[in-house]
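A closer look at the structure
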Amino acid sequence: LKGMHDKYRQINKYLEIIEGLLAVSDKKEVLKIVDMGSGKGYLTFALYDFLKNRLNLQVQLIGIEFRKELVEKSNKLAKKIGFDGLRFKQGSIEKAETGQTDMLIALHACDTATDEAIFKGISTKAKLILVAPCCHKQIRKQMNIQNEMSSFIKHGILKERQAEIITDGLRGLLMEAFQYKTKIFEFISTEHTAKNVMIIGTKHRNQIDKDAIFEKINSLKKLFGIRYHYLEKLLKVI
């Protein structure tokens, strides 16, 4: 549909990125994936079809969605088209019981919902975490800059963009502290969505200097007058 062209582009780019990640990761007999905040299921259905019917992988994919009517509609459709390894569960990202997970994804989970998704991925030791954040209100409300930078942060649009950089930058550092090699990048052109930043975390077992990472985090918070990042609270590191 003409009006869904941007969404179509985003989903296909998402699938392209996931295919590349799977090519360098350990493949299991059954790939367990959780899609947090699956909404109407555009990405969830496309991902299952791509992995199952295009890449011939064994997949168990669960979509977590708060709205009951969307869950019922998606489960009915999955059954109708024979997607046996795909199901949807009603619940919030924060309270969802996901069990062991190989890959956790969240496309445009708003504000702290992205942090809840990352936390679920870390707590289940997911091999891959992929999130595309949306909104950055939690950090923006806290920003209280008392240095030279305050002269340009007075402009609303610059404060908003700085809040996005700080929020996602701290997310990346926190993921690194829990042994995730992290990449943050634009996954698609802004003409298709203004919320085009993706954070990818790949689990590893290499030695890390956790204290050094937390020292960087605390220095950044002090620089921008931030008390805490929501993901810090979820991870219980403050």
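In case you missed it, the structure is sitting above this.
Residues numbered from 1 in each chain as written. Predicted model: local features only at pLDDT ≥ 70, side-chain atom pairs only at ≥ 80, totals over all residues. Heavy atoms only, no water.

**Re the sheet that holds strand β4 (residues 103-110)**
With respect to topology, seven strands assemble into an open sheet ordered β3-β2-β1-β4-β5-β7-β6, the strand pairing being mixed. Two strands lie at the open edges of the sheet, namely β3 (86-90) and β6 (180-186), each paired on one side alone. Neighbour-to-neighbour, the strand axes of the sheet open up by a mean angle of 15°, direction not taken into account. Looking at chain direction, strand β2 (residues 59-65) and β3 are connected through five bridges and run parallel. (Pairing = 2+ DSSP bridges. Helix = DSSP H or I, 4+ residues; strand = E, 2+ residues; numbered from the N terminus. Axes fitted to C-alpha atoms, helices over the stretch in contact; angles between N-to-C directions.)

**Regarding the pairing of strand β1 (residues 31-36)**
Burial of β1 is extensive: five of the six residues sit out of reach of the surface. Judged from the six bridges that link them, β1 and β2 form a sheet pairing that is parallel. Bridge pairing in β2 links Lys32 to Gln60. Tracing the backbone out of β1, into helix α2 (residues 42-54) and back to the parallel element β2 gives a crossover that is right-handed. The pairing of β1 with β4 spans three bridges and is classified as parallel. Looking at the pairing, Ile33 lines up with Met103 of β4. (Buried < 20%, exposed > 50% of the residue type's maximum accessible area, 1.4 Å probe, protein only. Right-handed = clockwise from strand over helix to strand, strands pointing away.)

**Some thoughts on the packing of aromatic side chains**
For the structure shown, the criterion picks out three aromatic pairs. Measuring from ring centre to ring centre gives 4.9 Å for Tyr48 and Phe83, while their planes differ by 40°; the resulting arrangement is tilted. Taken together, the residues span a long stretch of sequence, with Tyr48 in helix α2 and Phe83 in the loop between α3 (68-80) and β3 at a distance of 35 residues. The pair formed by Tyr48 and Phe83 is uniform in burial state, with each residue classed as buried. One aromatic cluster is present, formed by Phe45, Tyr48, Phe83 and Phe88 through successive ring pairs. When the ring centre of Phe178 is taken as origin, the NZ or CZ atom of Lys210, which lies over that ring, is 4.3 Å away. Between the NZ or CZ atom of Lys233 and the centre of the ring of Tyr228, over which it lies, the distance is 4.2 Å. (Phe/Tyr/Trp six-rings, centres within 6.5 Å; stacked < 30°, edge-to-face > 60°. Lys NZ or Arg CZ within 6 Å of the ring centre and 35° of its normal.)

**Regarding a nonpolar patch on the surface**
Taken together, the side chains of Phe152, Ile157 and Leu158 define a hydrophobic patch exposed on the protein surface, amounting to about 240 Å² of accessible area. By the element assignment, Phe152 lies in helix α6 (residues 150-153). The class of Phe152 is partly exposed, set by a relative accessible area of 34%. (Patch = residues over 30% accessible without salt bridge, like charges linked within 9 Å, V, L, I, M, F, W, Y side chains within 5 Å. Areas by Shrake-Rupley, 256 points an atom, 1.4 Å probe, with all protein chains shown as cover. Salt bridge = Lys/Arg side-chain N within 4 Å of Asp/Glu carboxyl O.)

**Re the pairing of strand β7 (residues 197-203)**
As a general feature of sheets, a regular strand has side chains that alternate between the two faces. Across four bridges, strand β5 (residues 128-134) lies against β7 in antiparallel orientation. The residue bridging Val131 from the neighbouring strand is Ile199, located in β7. In terms of strand pairing, β6 meets β7 through seven bridges, oriented antiparallel. Looking across to β7, one finds that Tyr180 is bridged to Lys203.

**Regarding unusual backbone geometry**
In this structure, Asp111 is a non-glycine residue whose phi angle is positive, near 50°. Mapped onto the elements, Asp111 comes out in the loop between β4 and α4 (112-123). Relative accessible area serves as the criterion here: at 15%, Asp111 is assigned to the buried category. Unlike most non-glycine residues, Lys236 shows phi in positive territory, near 60°. Along the chain, Lys236 turns up in the segment after α9 (230-235). Judged by its relative accessible area of 72%, Lys236 is exposed.

**Comments concerning the nonpolar core**
Among the nonpolar cores identified, the biggest contains 40 residues, and Met36, Ile122 and Met143 are the most heavily contacted of them. Elements that contribute at least two residues to this core include exactly β1, β2, β4, α4, β5, α7 (156-177), α8 (210-223) and α9. Among the elements that make up this core, the one with the highest residue count is α7 (seven residues). Those residues in contact with Ile122, other than ones at most four positions away along the chain, are Ile129, Met175, Phe178, Tyr180 and Leu235. In terms of nonpolar packing, the next biggest core, distinct from the first, is built from 32 residues, Leu31, Val71, Leu86 and Ile200 among them. (Core = buried A, V, L, I, M, F, W, Y, C linked by side-chain atoms within 4.5 Å. Contact = heavy atoms within 4.5 Å.)

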